[in-house]
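Analysis of the macromolecular model
Single-letter residue listing:
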Amino acid sequence: MDRCSNYLWKHPSTHTRQLSDVTGTPMDLLTDWVRAGKFPSTYSQLDYPCESCHSPIYAGRLCHSCLGTFRSAALDIQTRVPRRTTAGLFSVAGRAKGY
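Now for a look at the structure at hand. What you see is a predicted model; the values in this text were computed from it and never measured.

Definitions and cut-offs
Residues numbered from 1 in each chain as written. Predicted model: local features only at pLDDT ≥ 70, side-chain atom pairs only at ≥ 80, totals over all residues. Heavy atoms only, no water. Core = buried A, V, L, I, M, F, W, Y, C linked by side-chain atoms within 4.5 Å. Buried < 20%, exposed > 50% of the residue type's maximum accessible area, 1.4 Å probe, protein only. Helix = DSSP H or I, 4+ residues; strand = E, 2+ residues; numbered from the N terminus. Contact = heavy atoms within 4.5 Å. Salt bridge = Lys/Arg side-chain N within 4 Å of Asp/Glu carboxyl O. Phe/Tyr/Trp six-rings, centres within 6.5 Å; stacked < 30°, edge-to-face > 60°.

1. Considering the nonpolar core
C4, L8, L19, L30, F39 and L46 are the most contacted members of the largest nonpolar core, which has 14 residues in total. Taken together, the elements giving at least two residues each to this core come down to α1 (2–10) and α3 (27–35). Contacts of L8, omitting those with residues within four sequence positions, involve T14, L19, F39, Y43 and L46.

Written as structure tokens, this is what we have:
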């Protein structure tokens, strides 16, 4: 990590791939460090892959596109799956039905 820190001190706009190439640090180790927040936020070009599509991201676990896809899928599931209400009725998309 010392080699990475020294290089970043001199080149703060370095990308993760460049840092790996110059310091010889494996990409998977660097991405783990970036994901864990081991580098200060001043090094804003350090990225890691989205857990779904592997596009580069700078925060979180999913890129904006994958996050939107998962949210819309969750909303779709939420409207289709019946939920039991307190009165013993099932509600599907706002319509209550007794069974």
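From this point, the narrative continues.
2. Considerations on the pattern of salt bridges
A full pass over the atoms with the stated rule returns 3 salt bridges. Salt-bridge contacts for R61 lead to E51; the nearest nitrogen and oxygen are separated by 2.9 Å. Pair noted here: R61 is in the loop between β2 (56–57) and α4 (64–80) and E51 is in the loop between β1 (48–49) and β2, with a separation of 10 residues, a long-range link. What makes R61 exposed here is its relative accessible area of 56%. E51 gets classed as partly exposed once you look at its relative accessible area, which sits at 40%. Notably, a salt bridge pairs R80 with D76, separated by 3.0 Å at the nearest N-O pair.

3. Focus: the packing of aromatic side chains
Within the structure shown, the criterion is met by 1 aromatic pair. When the centroid spacing of 6.4 Å and the interplanar angle of 65° are considered together, the rings of W33 and F39 count as edge-to-face.

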